[in-house]
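What follows is each chain in one-letter form.
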Amino acid sequence: MPRCEVCGKTKSVGHSVSHSNIKTKRTWSPNIQRVRAVVDGTPKRVYVCTECLRAGKVTRVSAKEA
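Please read these numbers as outputs of a predicted model, since none were measured by experiment.

Student: How would you explain the overall build of the protein if you had to name every residue and give the values?
Tutor: Helices and strands together make up the secondary structure of the protein, namely one helix and four strands. Sequence-ordered secondary structure for the protein, helices as α and strands as β, is β-β-β-β-α. For 66 residues, the compact-globule estimate of 2.2 N^0.38 gives 11 Å, and the C-alpha radius of gyration of the protein, at 16 Å, exceeds that figure by more than 25%. Oriented by its inertia axes, the alpha-carbon framework of the protein measures out at about 55 × 15 × 15 Å. Relative to its full complement of 66 residues, the protein shows a buried share of 17%. Taking as baseline every contact in the protein between residues at least 6 positions apart, the subset at least 24 positions apart corresponds to 26%. A total of about 5,200 Å² of accessible surface is found on the protein, and carbon and sulfur atoms cover 48% of it. Put simply, the protein has 14 plus and 4 minus side-chain charges, and the middle of one group is 11 Å from the middle of the other.

Student: Please set out the nonpolar core residue by residue, giving values where relevant.
Tutor: The biggest cluster of nonpolar side chains holds eight residues, and these are C4, V35, A37, V46, V48, C49, C52 and V58. Listed by contribution, the elements that provide at least two residues to this core are β3 (32-39) and β4 (42-49). When residues in this core are grouped by element, the largest group, three residues, is from β4. Beyond its immediate stretch of four places on either side in the chain, V48 contacts C4, V6, N31, I32, Q33, V35, L53 and V58.

Procedures and definitions
- Residues numbered from 1 in each chain as written.
- Predicted model: local features only at pLDDT ≥ 70, side-chain atom pairs only at ≥ 80, totals over all residues.
- Heavy atoms only, no water.
- Helix = DSSP H or I, 4+ residues; strand = E, 2+ residues; numbered from the N terminus.
- Rg over C-alpha atoms; globule rule 2.2 N^0.38 Å.
- Buried < 20%, exposed > 50% of the residue type's maximum accessible area, 1.4 Å probe, protein only.
- Contact = heavy atoms within 4.5 Å.
- Areas by Shrake-Rupley, 256 points an atom, 1.4 Å probe, with all protein chains shown as cover.
- Lys, Arg positive; Asp, Glu negative; His and termini not counted.
- Charge placed at Lys NZ, Arg CZ, Asp CG, Glu CD.
- Core = buried A, V, L, I, M, F, W, Y, C linked by side-chain atoms within 4.5 Å.

This is how it looks when you write it as structure tokens:
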């Protein structure tokens, strides 16, 4: 299952509501990206949601720096 390694965000569940107010189960998946980031001083591939990337909670490493 997709899971952010920084904040722990996973799938969330709820209802899809039609025009006639019929409710069926549905899920929302977080936008998980596989990025190279600095973890404990060394570059490592981690799965991180885009919210954590935009908030600057992860320091990305480019391929040229590694």
